Every structure is written in structure tokens, then in C-alpha cells.
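# Inside the fold
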Amino acid sequence: MASSRTWLVAAVATSALALAGCGGSGGSSSAGAASKGGGTITVWHYWDGGNADAFTAMAKQYQSAHAGTTIKLVNVPGTDLLTKLQAAAQSRTLPDVVIGDLVTVPRMAKTGAAVDLKKLIPDTVWNDVYPEMLKFGAQDGKQVSVPVSSNTMAWMFDKDAFTKAGLDPANPPQTWEQLKSACSTIKAKTGKPGFELFTQPGTDGEGVTWNFQVSLWQAGGQFLSEDNSKAAFNSDAGKKALQFWVDLVKSGCSPLGPWGEFEKGKAASAQEGSWMVGIWKPKPPFNFGTAQIPHPEGGQPATNMGGEQAVVFAREAAAQKTAADFLTWFDSPAQSTAWSEKTGFLPVLKSVADSPEYKDYVKTNLPEVQPFVDALPTAHARPATPLYPQVSLAFAKQVEQALHGKPVDKTLADAEAQVNQILSAK
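What you are looking at is a predicted structure, and each value in this text was computed from that prediction instead of being measured. (Residues numbered from 1 in each chain as written. Predicted model: local features only at pLDDT ≥ 70, side-chain atom pairs only at ≥ 80, totals over all residues. Heavy atoms only, no water.)

This brings us to the pairing of strand 8 (residues 269–273). The element strand 8 is extensively covered by neighbouring structure, given that five of its five residues are classed as buried. Neither face of strand 8 is open: one carries Ser269, Gln271 and Gly273, the other Ala270 and Glu272, and all of them are buried. (Buried < 20%, exposed > 50% of the residue type's maximum accessible area, 1.4 Å probe, protein only. Helix = DSSP H or I, 4+ residues; strand = E, 2+ residues; numbered from the N terminus.)

Quick look at the structure:
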């Protein structure tokens, strides 16, 4: 799932991370910032390829405009980021800034060294960021992270499969009921499954959970309680959403098996992340279209959000100020627009997503990404708890059982018991 799931591989022991609360950032970068008023700040990130090149160029641009300040970028593979952060916490050598997947923020905050950015970054940023994005960094009255990139999910489909089935690709399904009907027609006319679901939890479960949460939210449900202390999915909305998935599998609309049938052209549609547009645009595997994810009659549009957020660990006040100033600059409308255009990430600022400049860019260069941008106001945050990885895996394993015949009510009850046990351990 691209950047939205890098946290899934590296597990962090929160007790070990907590040791760093006594030390903060231990390297020379913070000391340099304190003595010079600008100095050097070290930023860890996991972007690679064109994204890394774009980030490096922006860091150099900032340096050119801020004499005496150096932004030292260190690339840490996403699969290693939390493990290396744990080691840095234990040795009290945390970097000044870490940019990681948004769902890692609660575990980063467990170091005890994350800086409250609420007053270091101006309200012009906080008020412009999509509110759901701020939930990941909201910790005990503090705001320990700031969003720097975003992505959402939307519905992608094979236009030619729709045409062969006698359906109009210019009028894709808007509701679950319409989707089921289209799937049945596509299956009968082309032999292809109409809609691919993520049906196998794998080693982390998040593929299933990340996708299912969309259906749950569309039906009006919630995944966990507001304070993330207990499961909330065992509800009428949860049963409706899971039954929808079960019905798709039973009807033959959605195949049981490894993820990737749609991307191979062997299924007619799927929920996909916005990054797929950029990946496919230069050389499409087939004639694809994009649209909002179909939702139930009487339900509501909803999607899931991914992206990266920055956490500041700098110990010295001057380094904190420099880090916050860099992040404020990075999230300014001009830079946010440039970053989104260069990388294909979606804007984190409402003003940018709604701006004529960005809309014109998308219309001219990546019109297929517009439904993903349109979905930003309906994007939900996954639970901001360091226990989320365990919760996601336990839940996904239960959903898999339901797709293989376990009764929906029993599935959700068992999932609720397991998730509550995990959450009570905190």
C-alpha cells in the first residue's frame, strides 16, 4: 500500500523507546543549532527515487533562503525506520526530525521526546490542514506531528471491461447496489470478477483492515471508540459492511485469493490508492478510469487516508525552532503545491486542494487523480494508538474467516473480544 503501510514491518518495543524520554536528541546537530541560532538539523525520511530527489531539492531551496541553516537529510528505508528509531532512542541519539508513515506517530510519541508543535507552528498551518490528519499527532493535549504528504483511496476500474459488458464507463456505479449489479453483468459477459477485495491478511493484516474500514465508515460505523479504548465495529453498521463483503464473495463478484488481480487486468475494479495513478499514467496496463468509491444507499461517502507526518525530537530550543520553521515553510501553500505537483502526493492543505492552480495542474496532467482529491474531505483517520498494528492483524484474521463462511455476527463478536483484550493491555 505504498507509503501508507511502511510501519507494518518494523515493530517497536515501547518500553525501550520510553528510555529516550530522559535524553532527547543527543547528537551535535542540536548543539550547533543552539550556538548559531540556525545550525544543522538532521531529518530522517524514507522517500526514495523521484520523491527523495524532490525533497532534497526543496531542502536545498530552504537552505538557500536561510543563511546559516543546514538541513541534513538521511534516508532510512521504511522497513527499518522504527527499528533504527528504537536504537537511537536507547542510545540517546535521536535525529532532530523524523518523517514517517502517519500511523507510526503514536509509537514515535512513546519515546517521550516528541516535541509539542502546537505553538511552534503557526495557526495558519493548523487551520488549513484537513482536521482528520491531525488526529495521529494529538497526544495528551499536545500536537506532536504535522502532516507533510497525503494520499487517499478511490475506485479504479477497467473501462474496456465495462464497455464489453454493455455498461457505460462514463457512468460508473455510485452505490453498493449498483456495484453488485454491475459486477453480476461483468461476470456474465466477460468472465471477470467485477470488484476485487483484499481478502488475505498476510503478516500484518492492514490490507484487509485498511480497505474494510472504508465500507464500515460508509455504513455510518466506527472502528474503535473515540478514546481508542475498545472496539466499536461490532455494530449494525459493522454487520452491514461485513455482510456486503461476504455477499460480494458469495456471488462471485470478488475472488478469494492474493491481492493483485485487478492490477493484472484479471478483475474489473478495485479500491486503490492515489499513488497508482502516477504509477500507471506513463504506461497504463489497460484503459482505466477513476471515481469515488461506491457507498450504500442512505450511507455516506468515505475513504481512508495515508501519507507521511513529521515528528520533531530536537532537544535544544533553537533546533526545535529551526525544525518547526522548516516544516512551516514546507507546508506553506506555495511549497505544498510544488511538492504535490512534483511527487503526485495529495495536498495536506485545504487551500491548496481547492486552489485553481492545483486544480488546473491536475486537470492538465493527471485528471484521473481528481476523485482522490475530491475524497480528501471524506477521508477518515485510522485509530491513533500504538497498539493499532496488533488490532489490525487480529481484526483482519477474523474478516478472512467470515469470507470463508464464518457467520458475520460471530465474526464481529470474536473480533471485538480479541481487540478489546489487546487494547486493555496498554
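More follows now that the structure is in view.
Turning next to unusual backbone geometry. Its identity as a non-glycine residue notwithstanding, aspartate 140 has a phi of 50°, on the positive side. Although it is not a glycine, asparagine 228 sits at a positive phi angle of roughly 60°. On the secondary structure map, asparagine 228 appears in the loop between helix 9 (206–218) and helix 10 (236–250).

This part takes up the confidence of the model for the protein chain. Caution applies to low-pLDDT parts of the model: their predicted coordinates are not meant to be read in detail. With 91% of its residues at a pLDDT of 70 or more, the protein chain has an overall mean of 91. Low pLDDT (under 50) marks residues 1–37, which in the prediction has 108 contacts with non-local residues, meaning those over four places away or in another chain. (pLDDT = per-residue confidence, 0-100. Contact = heavy atoms within 4.5 Å.)

Attention shifts here to the pattern of salt bridges. Summed over all chains, the structure comprises eight salt bridges. Lysine 180 serves as the salt-bridge partner of aspartate 247, at 3.7 Å between the closest nitrogen and oxygen. Of the two residues, aspartate 247 is situated in helix 10 and lysine 180 in helix 8 (residues 176–190); the sequence distance between them amounts to 67 residues. By relative accessible area, which is 28% here, aspartate 247 ends up partly exposed. When its relative accessible area of 36% is taken as the criterion, lysine 180 is described as partly exposed. Its salt-bridge partner being glutamate 368, residue lysine 281 comes within 3.0 Å of it at the nearest N-O pair. Note that lysine 281 is positioned in the loop between helix 11 (275–280) and strand 9 (288–291) and glutamate 368 in the loop between helix 15 (356–365) and helix 16 (370–374), a separation of 87 residues in sequence. Looking at lysine 281, the relative accessible area reads 31%, which means it is partly exposed. (Salt bridge = Lys/Arg side-chain N within 4 Å of Asp/Glu carboxyl O.)

Spatial strand order, 2-1-3-11-6: five strands in an open sheet with mixed pairing. What marks the edges here is a single partner per strand, and that holds for strand 2 (69–75) and strand 6 (146–147). With two bridges connecting them, strand 1 (residues 39–45) and strand 3 (residues 97–101) associate as parallel partners. Bridge assignment links valine 43 to a residue of strand 3, and that residue is valine 97. In the packing of helix 3 (residues 49–65) onto the sheet, the strands contacted are strand 1, strand 2 and strand 3, and the crossing angle to strand 2 comes to about 165°. (Pairing = 2+ DSSP bridges. Axes fitted to C-alpha atoms, helices over the stretch in contact; angles between N-to-C directions.)

Moving on, we get to the nonpolar core. Counting 81 residues, the largest nonpolar core has Trp47 and Phe313 as its most contacted members. Residues contacting tryptophan 47, with those up to four places away along its chain left out, are Ala52, Phe55, Asn75, Ile99, Val148, Ser149, Glu308, Trp339 and Phe345. Ranked by size, the runner-up nonpolar core spans 47 residues in total, among them Ala165, Ile186, Val419 and Leu423. (Core = buried A, V, L, I, M, F, W, Y, C linked by side-chain atoms within 4.5 Å.)

Moving on, we get to the packing of aromatic side chains. Here a ring pair, both rings aromatic, is described through the centre-centre distance and the interplanar angle of the planes. Summed over the entire model, instances satisfying the criterion amount to 26 aromatic pairs. Site record: aromatic cluster; members linked through ring pairs are Trp47, Phe55, Tyr62, Phe326, Trp329, Phe330, Trp339 and Phe345. (Phe/Tyr/Trp six-rings, centres within 6.5 Å; stacked < 30°, edge-to-face > 60°.)

Moving on: the state of the cysteines. By the definition in use, this model includes one disulfide. With a sulfur-sulfur separation of 2.3 Å, cysteine 183 is cross-linked through a disulfide to cysteine 253. Within this pair, whereas cysteine 183 is found in helix 8, its partner cysteine 253 is found in the loop between helix 10 and strand 8, the two being separated by 70 residues in sequence. Across this residue pair, the class does not change: cysteine 183 and cysteine 253 are buried. (Disulfide = S-S within 2.5 Å.)

What follows covers helix 13 (residues 333–343). Each α-helix winds once per 3.6 residues, and so residues spaced three or four apart point in a common direction. Along helix 13, the residues that are buried comprise Gln335, Ser336, Thr337, Trp339, Ser340 and Thr343. Where helix 13 is buried, its residues contact helix 3, helix 12 (317–330), helix 14 (350–353) and helix 15. Once helix 13 finishes, glycine 344 follows within two positions and takes phi at roughly 90°, a positive value.

For helix 18 (residues 408–424), with 17 residues, the first-to-last C-alpha span of 24 Å sits near the 24 Å given by 1.5 Å per residue. Burial in helix 18 covers these residues: Val408, Thr411, Leu412, Ala415, Val419 and Leu423. Along the axis of helix 18, the buried residues cluster in a sector spanning 90°; they form a single face. Along helix 18, exposed side chains directed more than 90 degrees from the buried face belong to Ala417, Gln421 and Ser424. Buried residues along helix 18 sit in contact with helix 10 and helix 17 (388–403). (Expected span 1.5 Å × (residues − 1). Arc of directions from axis to C-beta.)

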